[in-house]
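# Breakdown of the fold
Listed below, chain by chain, are the residues.
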2 protein chains.
Amino acid sequence: MNFNVKPVSNELCEKLNHKINQKTKPPGSLGKLENIALKIGNIQNTLTPTLNNPAIIVFASDHGIALEGVSAFPQEVTYQMVYNFLNGGAGINVFARQNNIEVIVVDSGVNYDFKDAKGLINAKIGYSTKNYLHEPAMTIEECLAAIQKGADIVDKVYKKGCNIIGFGEMGIANTSSASIIMNKICDIPIEMCIGRGTGHDDSGLSRKKEILKRAVEKHKIDNDPLKILSTFGGFEIAMCCGAILKACENKMIVIMDGFIITSALLIACKLNINVLDYCIFSHKSNEDGHIKMLNWLKAEPVLNLELRLGEGTGAAICYPIIKSAVTFLNEMASFESAGVANKNQ
Amino acid sequence: MNFNVKPVSNELCEKLNHKINQKTKPPGSLGKLENIALKIGNIQNTLTPTLNNPAIIVFASDHGIALEGVSAFPQEVTYQMVYNFLNGGAGINVFARQNNIEVIVVDSGVNYDFKDAKGLINAKIGYSTKNYLHEPAMTIEECLAAIQKGADIVDKVYKKGCNIIGFGEMGIANTSSASIIMNKICDIPIEMCIGRGTGHDDSGLSRKKEILKRAVEKHKIDNDPLKILSTFGGFEIAMCCGAILKACENKMIVIMDGFIITSALLIACKLNINVLDYCIFSHKSNEDGHIKMLNWLKAEPVLNLELRLGEGTGAAICYPIIKSAVTFLNEMASFESAGVANKNQ
């Protein structure tokens, strides 16, 4: 496992800023769009960036911890939702279709035999992780295999001409994994990392907190990101981690989604800090804890629509806004080209 | 001037909420998109709303107060930007083109003779308003004529099949009008209504505040919204006010833009409070004062991208998000149709 993620070049930074400031608008008046345009220009090292064949990969997997009742939904929802993805009826399908984004669905380790379900990429590491209340979720070997598979899947998409990619996930109980990863990586007390997930009431939330505290106490592990990932992660989270690393190695623009996908980034950035140069944070999720992750990453989310659906829906909904940033950079007239007077000096 | 804006029907509210909650997602997990879907369903009084032929009308006009140096840009930028709109090079053109929105450019009262410039709607009330530091910006008759023209222009667009409309503006010095309208309608101290506009430095901002304070003191007028509009408004603001009223009378979805367009809404909602039922607030502008306007209106903006460009750009950039709301309502599978288990009871 060796990812060669280079920091983005900043050699065009000044020219990009100049181009942005010569557009027919008051300086700075396109706010976050200007930051995004600059970031994408730097990633692609060009004054005329393009967004080609956008794709979102949805990694699905099951979690042994689900058996403890940490989720408000039963485990079979994971495989049922995979069929929903394949049939085009889920949120991610709807938003991706609207915005001409390809959706790629991956079985990372769902507790179900899909046989040869059409359109599904079989990358199954196992039928669900183990229950980390009692034993590590996966072995280091499984963890590395998941990371490698995630990387391989991204690489194929990249080679077909995609240069902007988002990630999504499906896995009943996976906010629990994300919470513990956050606790371990960001060193934030575990209670502050746990939210209502798909919709716990107060007693469900208390129970989730109690179980996750016990899980954290059970495993006395050090700060090794791979050890954290294999002990508490999910196969979809590990696969997403590899996918992020490979996407950044390929200098793709990476559209971050919500709480779980950002937990994969927490691991990835511990393995190579340069990944952050390639990430656009699509939104602040309503899942408690996500904003603290974003703050820890010093990340500024584009949207705050109070979403907490996962699946990559935040990334898909945000895509047109990212496109707006590239479009203004490429298409807006300059003061000079339009014959418009600039600011009074 | 008589607009018959009816409150939206809420008769389908319960059924719309039921439809939203049966989608394959945790309840509430699409956040603001769910609110927008509900609002649009209510406006159109249907469980299957559609967005047809979206358009943005940009009203342009000049302001006598510009001669006092309240803007960081010279007055000729107004007419120069109108040509930029007509040539497709401005921000609003770029974002509207990206999102398949028609842009309609209106000369409401620019201090320039466009002759028969191609693509421009001539609705000129005059060559700039008067300088309200010394006399009212316009007569009541001019104000009423502007409102009526705005309404007529919207009605034509409506009759061509548009059911969702945004408004934009161009007019050097028009944040000054918007600030005073806000002061008068919302009863917020004038200093708190004034921002940097297109980009004043501290001394420019001080000067703007000093001039606007004198303007407010000069005219001892009561709280009549038409009197406020005619004394301190711009032709583009008055025209937008009429456009909003007519759009709501026609039960169109109205996409609000930033500070100036919202000032037109402040007048419109004083004339008929029901207009608020039809408005989606696309974004919180970075112009100081806009957030206070939104709070006064109890309005929740969809985006906060730190925009302060005007022209209707916030509305255009927000459009795909509004479309996402309608799309999920129409296209997402339900738990039943997808065979997905619902939340544990």
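These notes cover the structure that comes with them.

Reading the values: rules and limits
- Residues numbered from 1 in each chain as written.
- Chains lettered and ligands numbered in written order.
- Predicted model: local features only at pLDDT ≥ 70, side-chain atom pairs only at ≥ 80, totals over all residues.
- Heavy atoms only, no water.
- Helix = DSSP H or I, 4+ residues; strand = E, 2+ residues; numbered from the N terminus.
- Contact = heavy atoms within 4.5 Å.
- Phe/Tyr/Trp six-rings, centres within 6.5 Å; stacked < 30°, edge-to-face > 60°.
- Buried < 20%, exposed > 50% of the residue type's maximum accessible area, 1.4 Å probe, protein only.
- Lys NZ or Arg CZ within 6 Å of the ring centre and 35° of its normal.
- Buried area = accessible area lost by both parts, 1.4 Å probe.
- Salt bridge = Lys/Arg side-chain N within 4 Å of Asp/Glu carboxyl O.
- Nonpolar A, V, L, I, M, F, W, Y, C, P; charged D, E, K, R; others polar.
- Axes fitted to C-alpha atoms, helices over the stretch in contact; angles between N-to-C directions.
- Parallel < 35°, antiparallel > 145°, perpendicular 65-115°, else oblique.
- Left-handed = near helix turned anticlockwise from the far one by under 90°.

With that out of the way, let us pick up the side chain of A:Lys208. Position of A:Lys208 among the secondary structure elements: in helix α7 (residues 202-218). Ignoring any residue separated from it by four or fewer positions in sequence, one finds A:Lys208 in contact with A:Val70, A:Thr175, A:Ser176, A:Ile194, A:Gly195, A:Arg196, A:Gly197, A:His200 and A:Glu287.

Moving on to the packing of aromatic side chains. For any pair of aromatic rings, the description consists of the separation of the ring centres together with the inter-plane angle of the planes. Taken as a whole and judged by the stated rule, the model has 16 aromatic pairs over all chains. When the centroid spacing of 6.0 Å and the interplanar angle of 85° are considered together, the rings of B:Tyr83 and B:Tyr112 count as edge-to-face. Here the residue B:Tyr83 occupies a position in helix α3 (residues 76-86), and B:Tyr112 occupies one in the loop between β2 (102-109) and β3 (120-122), the gap between them amounting to 29 residues. Of the residues examined, B:Tyr83 reaches a relative accessible area of 29% and is grouped as partly exposed. Counting every residue linked through ring pairs, the aromatic cluster contains A:Tyr79, A:Tyr83, A:Tyr112 and A:Phe114. Taking the ring centre of B:Tyr127 as reference, the NZ or CZ of B:Lys124 above it sits at 4.3 Å.

This part takes up the interface of chain A and chain B. Between chain A and chain B, the contact holds 55 residues from the first and 55 residues from the second. For the pairing of chain A and chain B, the buried interface totals around 4,500 Å² over both sides, and the portion due to carbon and sulfur atoms is 61%. The largest share of the area that chain A buries against chain B comes from A:Phe73, A:Gln98 and A:Leu305, three residues that together contribute 12% of it. Summed over the shared surface of chain A and chain B, the result is two salt bridges. Put simply, B:Arg97 and A:Glu331 hold a salt bridge, and the shortest N to O gap is 3.0 Å. Of all the elements in the fold, those that place two or more residues in the side of chain A that touches chain B are α2 (31-44), α3 (77-86), α4 (91-98), α12 (313-331) and α13 (335-338) of chain A. Looking at the side of chain A that touches chain B residue by residue, the class counts come to 27 nonpolar, 18 polar and 10 charged.

One way to put it is that α4(A) packs onto helix α12 (residues 313-331) of chain B with a least axis distance of 10 Å and a crossing angle of 135°. As summarised for this structure, α4(A) and α12(B) are arranged oblique, according to the angle between their axes. For the element pair α4(A) and α12(B), the recorded crossing hand is right-handed. Residues A:Val94, A:Phe95, A:Arg97 and A:Gln98 of α4(A) form the contact with α12(B), whose participating residues are B:Pro320, B:Lys323, B:Ser324, B:Thr327, B:Phe328 and B:Glu331. Split into classes, the residues belonging to the contact of α4(A) with α12(B) amount to four nonpolar, three polar and three charged.

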